[in-house]
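Structural characterization, general
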Amino acid sequence: MKKALLLCLVVLVALFLVGCAAGPNSAKDIADIGGSIAGFWSGLWHGMITLITFIISLFTDKVQIYEIHNNGGWYNFGFLFGLLFLPVISNIIKTATKD
């Protein structure tokens, strides 16, 4: 009985998590109004300024955190790398000045 209940719980949690997964980006590789597609460097910059962008996006609909007109994997990699940039740099500074 416990195994069946545990199995049902695991299946329900897995279905819940799969249901929350992001879908495909229909604007991938499609240029924006200015004719540009965001790549790695744009993703890196957008990742680095995410906190500021998030705060601004709370007050206006004209600012978004993530550029949907991107080239896919390279933009995503840059974005995630940019997200890690500030915590890693602050940790390096903190450990360097600890002595």
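Given the structure is predicted, the values throughout are model-derived calculations rather than measurements.

Attention now goes to the packing of aromatic side chains. Counted according to the given criterion, the structure contains 8 aromatic pairs. Aromatic pair Phe 40 and Trp 74: ring centres 6.3 Å apart, planes at 85°, arrangement edge-to-face. With Phe 40 in helix H2 (residues 40–48) and Trp 74 in helix H4 (residues 73–96), the pair connects residues that are 34 residues apart, well separated along the chain. Given the relative accessible area of 55%, Trp 74 is considered exposed.

Quick look at the confidence of the model for the chain now. Taken residue by residue, the chain gives an average pLDDT of 85. The fraction at 70 or more is 90%. Confidence scores differ between elements of the chain, with helix H1 (residues 2–19) showing the lowest mean pLDDT of 82 and H2 the highest of 93.

A few words now on H2. Each α-helix winds once per 3.6 residues, and so residues spaced three or four apart point in a common direction. Among the residues of H2, those classed as buried are Gly 43, Leu 44 and Gly 47. Here the buried residues of H2 occupy an arc of 100° about the axis, which is enough to place them on one side. Buried residues belonging to H2 abut helix H3 (50–57) and H4.

The next point concerns the environment of Leu 84. Mapped onto the fold, Leu 84 is located in helix H4. What makes Leu 84 exposed here is its relative accessible area of 52%. For the pair Leu 84 and Leu 44, spaced 40 residues apart in sequence, the C-alpha to C-alpha distance is 9.7 Å.

Scoring rules and cut-offs
Residues numbered from 1 in each chain as written. Predicted model: local features only at pLDDT ≥ 70, side-chain atom pairs only at ≥ 80, totals over all residues. Heavy atoms only, no water. Phe/Tyr/Trp six-rings, centres within 6.5 Å; stacked < 30°, edge-to-face > 60°. Helix = DSSP H or I, 4+ residues; strand = E, 2+ residues; numbered from the N terminus. Buried < 20%, exposed > 50% of the residue type's maximum accessible area, 1.4 Å probe, protein only. pLDDT = per-residue confidence, 0-100. Arc of directions from axis to C-beta. Contact = heavy atoms within 4.5 Å.

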